[in-house]
Amino acid sequence: MVSFDMKKERTLSILKPDAVRRSITGAINKKFEDAGLSVVAQKMVHISREQAERFYAVHRERPFFRELCDYISSGPVVVQVLEGENAVAKNRDAMGATDPQKAAEGTIRKEFGISISENTVHGSDAHDTAAAEIAFFFSGCEIY
Ligand code: GDP
């Protein structure tokens, strides 16, 4: 019989260009795994400017929108699906605050973040946005 744990949740994570550039993707994945999150899909992509604008459409009116899209499309990133109990919240806890200077000790952004723009990781902010963001990058057969 195939068992399926209904309590498990999935979320979309992106290891941003500064993480790939500095070869710290393994260190970041260790943080996720230590926090009880499993990587169930992962691939390296170079997001185009047009894809960036669609992915971050919710921020279109924000003053930093152009900088955000320029940055996320500036080099290769690792997109991944993380799975675990309360994965969205667990991932956000592991990431830390948006601004690395305000992030708590032990979080990824505190340890590795360079600036509010080059803040190393993206993580979905809610269950419904996670589903939409996963579908943006992955087809069902790419997720374990
Ligand atoms: P997140 O959920 O913690 O990633 O934060 P938001 O959803 O509010 O913002 C999305 C991304 O936009 C952040 O991860 C930052 O890279 C960027 N960002 C947010 N606020 C600012 C800002 O005030 N200035 C700049 N340059 N970038 C920002």
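Cut-offs and rules
- Numbers given to residues run from 1 along each chain, matching the order in which its sequence is written.
- Side-chain atom pairs in this predicted model are given and counted only at pLDDT of 80 or more, local residue features only at pLDDT of at least 70, and totals for whole chains, interfaces and linings cover all residues.
- Note: side-chain values were computed over all heavy atoms of the structure, leaving out hydrogens and water.
- Numbering of helices and strands runs from the N terminus; a helix is a DSSP stretch of H or I covering at least four residues, while a strand is a stretch of E covering at least two.
- Two rings from Phe, Tyr or Trp (for Trp, the six-membered ring) form a pair when their centres are within 6.5 Å of each other. A pair whose planes differ by under 30 degrees is stacked, one over 60 is edge-to-face, and the rest are tilted.
- Here's how the labels work: a residue is buried when its accessible area is under 20% of the maximum for its type, exposed when over 50%, partly exposed in between, all with a 1.4 Å probe on protein chains only.
- Lysine NZ or arginine CZ positioned within 6 Å of the ring centre and within 35 degrees of the ring normal marks a charge as sitting over the ring.

Asks: Would you mind going over unusual backbone geometry with me for this structure?
Replies: Glycine aside, the phi torsion of most residues is negative, and most peptide linkages are trans. In this model, N86 sits at a positive phi of 50°, which is unusual for a non-glycine residue. With respect to the secondary-structure elements, N86 resides in the loop between β3 (77-85) and α5 (87-95). Unusually for a residue other than glycine, T120 sits at a positive phi of about 75°. In this structure, T120 sits in the loop between α6 (108-112) and β4 (121-123).

Asks: So what exactly am I meant to see when it comes to the packing of aromatic side chains here?
Replies: Counting across every chain of the model gives four aromatic pairs. Note on F136 and F137: the rings are 4.9 Å apart at their centroids and 70° apart in plane angle, and the pair reads as edge-to-face. The class for F136 is partly exposed, based on a relative accessible area of 28%. Members of the aromatic cluster, joined through ring pairs, are F55, Y56, F136 and F137. The ring centre of F138 lies 4.6 Å from the NZ or CZ of K43, which sits over that ring.

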